[in-house]
Amino acid sequence: MDKNELMRRAIELAEESVRNGGGPFGAVIAKDGRIVAEGANCVVPNADPTAHAEVTAIRRAAQAVGSHDLSGCEIFTSCEPCPMCLGAIYWAHLDKVYYANNRKDAARIGFDDDFIYQELALDPASRHKPSEVLLADEARRAFDLWEEKADKAEY
């Protein structure tokens, strides 16, 4: 399939998602023009705030290829990824992101992706969501154990 066909499939998934009680988002992960996995937004139907189309597609693609590393694959998503999904895309090592609608379009219909992008640019103390550091010295032990582990699987 070419890029336009893959994006049309992501858009189709977004439309199906709306008809099935989900949000207006769909995603396709492809390798060499072949679909590896698909996902649609199912936050409300699954009662899962992380069940965004991109995250769902990434989970399915990782299962399909048997690896957390999706290098060599590309993602086609009906909307610019939110910060959570963009983070997942980087963690999955996807090669490229294609999107149709952008975060301003999403904000226009009530999704707060753009607000979260703005929050990330702020110092934690200036964000709307309060945060506080607790027990950092105790938590550092897990990092020390990881650093010393000889057989760790780097990701």
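To be clear, the structure that these remarks concern was listed above.
Residues numbered from 1 in each chain as written. Predicted model: local features only at pLDDT ≥ 70, side-chain atom pairs only at ≥ 80, totals over all residues. Heavy atoms only, no water.

How would you sum up the nonpolar core? Please name residues and give values.
Core analysis: the biggest nonpolar cluster contains 16 residues, and I29, I58, L70, I75 and L94 have the highest contact counts within it. Elements with a minimum of two residues in this core: strand 1 (26-31), helix 3 (53-65), strand 3 (74-79) and helix 4 (83-92). With four residues, helix 3 is the single largest residue contributor to this core. If near-sequence neighbours (up to four positions away) are discounted, I75 is found in contact with A27, V28, I29, E54, I89, L94, K96, V97 and Y98. (Core = buried A, V, L, I, M, F, W, Y, C linked by side-chain atoms within 4.5 Å. Buried < 20%, exposed > 50% of the residue type's maximum accessible area, 1.4 Å probe, protein only. Helix = DSSP H or I, 4+ residues; strand = E, 2+ residues; numbered from the N terminus. Contact = heavy atoms within 4.5 Å.)

Describe in detail a nonpolar patch on the surface, supporting the description with residues and values.
Taken together, the side chains of W91, W146 and Y155 present a nonpolar region at the surface, about 430 Å² in accessible area. For W91, the location among the structural elements is in helix 4. (Patch = residues over 30% accessible without salt bridge, like charges linked within 9 Å, V, L, I, M, F, W, Y side chains within 5 Å. Areas by Shrake-Rupley, 256 points an atom, 1.4 Å probe, with all protein chains shown as cover. Salt bridge = Lys/Arg side-chain N within 4 Å of Asp/Glu carboxyl O.)

Describe the layout of surface pockets, naming the residues involved and giving the relevant values.
In this structure, the largest pocket occupies an estimated 300 Å³ of space. Lining of the largest pocket is provided by 20 residues; of these, F25, N41, H52, F111 and D113 occupy positions nearest its centre. Put simply, the parts of the chain that give the lining of the largest pocket at least two residues each are helix 2 (43-46), helix 3, helix 4 and helix 6 (113-120). When residues of the lining of the largest pocket are assigned to their parent elements, the largest contribution, three residues, is made by helix 4. Of the residues assigned to the lining of the largest pocket, the class counts are 13 nonpolar, three polar and four charged. (1 Å grid on protein atoms, 1.4 Å probe; cavity = no way out; pocket = protein on both sides within 12 Å on 5 of 7 lines; lining within 4 Å. Points joined across faces, edges and corners; volume = space filled by probe spheres on them. Nonpolar A, V, L, I, M, F, W, Y, C, P; charged D, E, K, R; others polar.)

I'd like a description of the environment of R127, backed by residues and values.
Inspection of the secondary structure assignment puts R127 in the loop between helix 6 and helix 7 (136-148). For R127, a relative accessible area of 29% translates into the label partly exposed. Considered as a pair, R127 and V97 are 30 residues apart in the sequence and their alpha carbons are 28 Å apart. Contact partners of R127, with chain neighbours within four places excluded, come to E119, L120 and L122.

For the pairing of strand 3, give the residues involved together with the corresponding values.
In terms of residue burial, strand 3 counts as a mostly covered element, since five of its six residues are buried. As judged from the four bridges shared by strand 1 and strand 3, these two strands associate in the antiparallel manner. Within strand 3, the residue paired with A27 across the bridge is T77. Sheet topology places strand 3 next to strand 4 (residues 96-101); five bridges connect them, and they run parallel. Paired with E74 across the bridge in strand 4 is K96. Regarding the hand of the β-α-β motif, the stretch spanning strand 3, helix 4 and strand 4 is right-handed. (Pairing = 2+ DSSP bridges. Right-handed = clockwise from strand over helix to strand, strands pointing away.)

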